[in-house]
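Observations on chain architecture
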Amino acid sequence: MPRYLLKLYVTGQTPQSRRAMQNLRKICETELTGGYEIEVVDILKSPALAEQDKILATPAVIRQLPEPIKMVIGDLSDRTEVLLGLDIIAKEV
């Protein structure tokens, strides 16, 4: 199974930021079981990182590995949209 490196950009500890974190963790636990790492970046504390990755809106998640880089913006509540946007193949049930 490929190793996924995901970077989640949020703006502070808002309800929308917390919801995006919960949604992403739930998707990863279900679909990537142990084969992932999530780095959470608060753009209020690390604006240079957001500028480097060209983040214009939050919450946003970037799949850095495996390449190519993919990005999804929003609270990540639509599981299908996240899986397609990050090009993650869902497990067979």
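Higher on the page you've got the structure.
Attention here is on the structure that accompanies the text.

Reading the values: rules and limits
Residues numbered from 1 in each chain as written. Predicted model: local features only at pLDDT ≥ 70, side-chain atom pairs only at ≥ 80, totals over all residues. Heavy atoms only, no water. Helix = DSSP H or I, 4+ residues; strand = E, 2+ residues; numbered from the N terminus. Expected span 1.5 Å × (residues − 1). Contact = heavy atoms within 4.5 Å. Core = buried A, V, L, I, M, F, W, Y, C linked by side-chain atoms within 4.5 Å. Buried < 20%, exposed > 50% of the residue type's maximum accessible area, 1.4 Å probe, protein only. Salt bridge = Lys/Arg side-chain N within 4 Å of Asp/Glu carboxyl O. Pairing = 2+ DSSP bridges. Right-handed = clockwise from strand over helix to strand, strands pointing away.

**Focus on helix α1 (residues 15–31)**
Compared with the 24 Å implied by 1.5 Å per residue over 17 residues, the 24 Å span of α1 between its first and last C-alpha is a close match. Buried-residue contacts for α1 involve β1 (4–10), β2 (36–42), β3 (60–65) and α3 (79–85).

**Some thoughts on the nonpolar core**
One finds Leu8, Leu24, Val61, Leu76 and Leu86 to be the most contacted residues of the largest nonpolar core, which totals 18 residues. Taken together, the elements giving at least two residues each to this core come down to β1, α1 and α3. The element contributing the most residues to this core is α1, with five residues. Look past the residues within four positions of Leu76 in its chain and what remains in contact with it is Leu8, Ala20, Asn23, Leu24, Ile27, Val61 and Val82. Core analysis: the next-biggest nonpolar cluster, separate from the first, contains six residues, Tyr9, Val41, Ala50 and Ile55 among them.

**Describing the pattern of salt bridges**
Working definition: two side chains of opposite charge can pair if their charged atoms are close together. Overall, the coordinates contain three salt bridges when judged by the stated rule. Put simply, Asp53 and Lys7 hold a salt bridge, and the shortest N to O gap is 3.4 Å. Residue Asp53 is located in the loop between α2 (47–52) and β3, and its partner Lys7 is located in strand β1; the two are separated by 46 residues in the primary sequence. There is no split in this pair, since Asp53 and Lys7 are both buried. Here Arg19 ties to Asp75 by a salt bridge, and the two come within 3.2 Å at their closest N and O atoms. Separated by 56 residues along the polypeptide, Arg19 in helix α1 and Asp75 in the loop between β4 (70–73) and α3 bring together distant segments of the chain. Using a relative accessible area of 38% as the deciding quantity, one classes Arg19 as partly exposed. A relative accessible area of 21% places Asp75 in the partly exposed class.

**Side note on the pairing of β2**
Judged from the seven bridges that link them, β1 and β2 form a sheet pairing that is parallel. If you follow Leu6 over to β2, its bridge partner there is Ile38. For the handedness criterion, the β-α-β arrangement of β1, α1 and β2 is classed as right-handed.

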